[in-house]
Amino acid sequence: MRDTVTYSTAKVAVSEFLEREFSEFPKKLHAQFLNFFSELATYEEEGEKLRPNIVFTNNVDYVTKTIPDCFRIAMFTDPITEVKFNYRIKKLAPFCKHGWMIFVNIKETEITYGIWKALNSIKEENLTKLIFNNAVLKERVDKVELVHVEPINNYTINLNSLKGEQLSINNTLDETKITDWESEIKQFVDASFSKLRTTTKKLQEIKTMYENVFDSVFKTIHGALCVVVDKDYEDNGFFSDGVWLKEPISFSKLFLRSKTYNESKLTAFCELFMDMLDYDGIVVVDNAGRIRAYNVFVESNTRNMNVIGGARKRAAYTVINSRRKRIVGVYFQSHDGEMFYKPIKK
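Numbering of residues begins from 1 in every chain and follows the order in which that chain's sequence is written. Where local features are concerned, this predicted model is filtered to residues with pLDDT of at least 70; where side-chain atom pairs are given and counted, the filter is 80 or more; whole-chain, interface and lining totals use all residues. Side-chain measures were taken over the full set of non-hydrogen atoms in the model, leaving aside hydrogen atoms and water.

Asks: Please give an account of the pattern of salt bridges that cites residues and values.
Replies: Here, a salt bridge means any side-chain nitrogen of Lys or Arg that lies within 4 Å of a carboxyl oxygen of Asp or Glu. Inspection of every chain in the model, using the stated rule, returns 12 salt bridges. Linking Asp-286 and Arg-292 is a salt bridge whose minimum nitrogen-to-oxygen distance equals 3.1 Å. Comparing Asp-286 with Arg-292, the two get one shared label, buried. Ionic pairing is found between Glu-338 and Lys-313, a salt bridge with its closest N-O pair at 3.0 Å. Classification of residues uses two cut-offs on accessible area relative to the type maximum, computed with a 1.4 Å probe and protein chains only: under 20% is buried, over 50% is exposed, and between them is partly exposed.

Asks: Give me the lowdown on the sheet that holds strand S8 (residues 156–161), citing residues and values where you can.
Replies: Note on pairing: DSSP must find at least two bridges between two strands before they are called paired. Each helix is a run of DSSP H or I of at least 4 residues and each strand a run of E of at least 2, with the numbering of both proceeding from the N terminus. Strand order across the open sheet formed by seven strands is S4-S6-S5-S3-S7-S8-S9, with mixed pairing between neighbours. Since the sheet does not close on itself, it has two edges, and those belong to strand S4 (70–79) and strand S9 (166–170), each with one partner. Pairs of neighbouring strands in the sheet enclose a mean axial angle of 20°, with direction left out of account. Sheet topology places S8 next to S9; five bridges connect them, and they run antiparallel. Within the sheet, the bridge partner assigned to Ile-157 lies in S9 and is Ile-169. Axis definition: a line fitted to C-alpha atoms, over the contacting stretch in the case of helices. Angles run 0 to 180 degrees between N-to-C directions.

Asks: Quick rundown of helix H2 (residues 27–37)? Include the residues and the values.
Replies: Looking at H2, one finds that the buried residues are Leu-29, His-30, Phe-33, Leu-34, Phe-36 and Phe-37. Buried residues of H2, seen end-on, are gathered within an arc of 165° and therefore sit on one face of the element. The outward face of H2, more than 90 degrees from its buried face, is lined by the exposed residues Lys-27 and Asn-35. Taking the helix axis as origin, the arc is that swept by the directions to the C-beta atoms.

See the structure below:
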């Protein structure tokens, strides 16, 4: 006799979440969204993995007006009686590769689908943070209904509402893979600038930029390994198998004149950083915010460790367990979205 186990509890939790956050959520849209929900975390188009972020709201125009430099493009409008959620999302999902989010605007007689994005500086908060940190919107939660659906990795989808409610749906049986990814990235960013001396404003801008980069890395790059070393670190051969830059790339120098910094240059260097992270091997940065090396390899030594995973994970634990002086910490991300930041214990 075969037992069948389903994630019915998750289905009920998502349904109840939507019912609490929306006074009127169309039944047909509700059914189609639940049917599509399990695909969000592993959605692909032509072999390319995508993690489309979807915002359901009843007033996309008002939300857009409250956010500086926010731009929206409405693509489809359907009568409330002819819901085509799956079809519309599949048409819009490919745009999410470049930071656009999908919105689903729900009115009494129609549903509008489109994409939106905050066209601001890379050193400023992204659209998600701008929405949920918006004091004006928080004061209008009685009028503005909004739920953000965010696939985090291959097994986790988070739901957040404007009212401050949160729900995390996880389909893995391995509890070690349940990670607060935003907290891990924040720890990594703090470590990467712990010895940078600058003004409070500049430091916050640089950290926000770094967080934006790694938020994008986490969602779009299928695997990365980054090691933070002390600003006075001198390699004695441990990281010799790699490309060390003759002149480290210093993000702080791009902010020396915050009023006249070059946005194009800033974006170009961030894209270069992401390309390095997408390269095979380790990227080495220091705690003064400088890129020191990329395409670095270490001889894995995990014989006495129970490490389950590929070469990138074995390399991460080799560095972690080396406990070498002036190595600060390790950021690891696997192809399926498992990630962590671990400081090096001395």
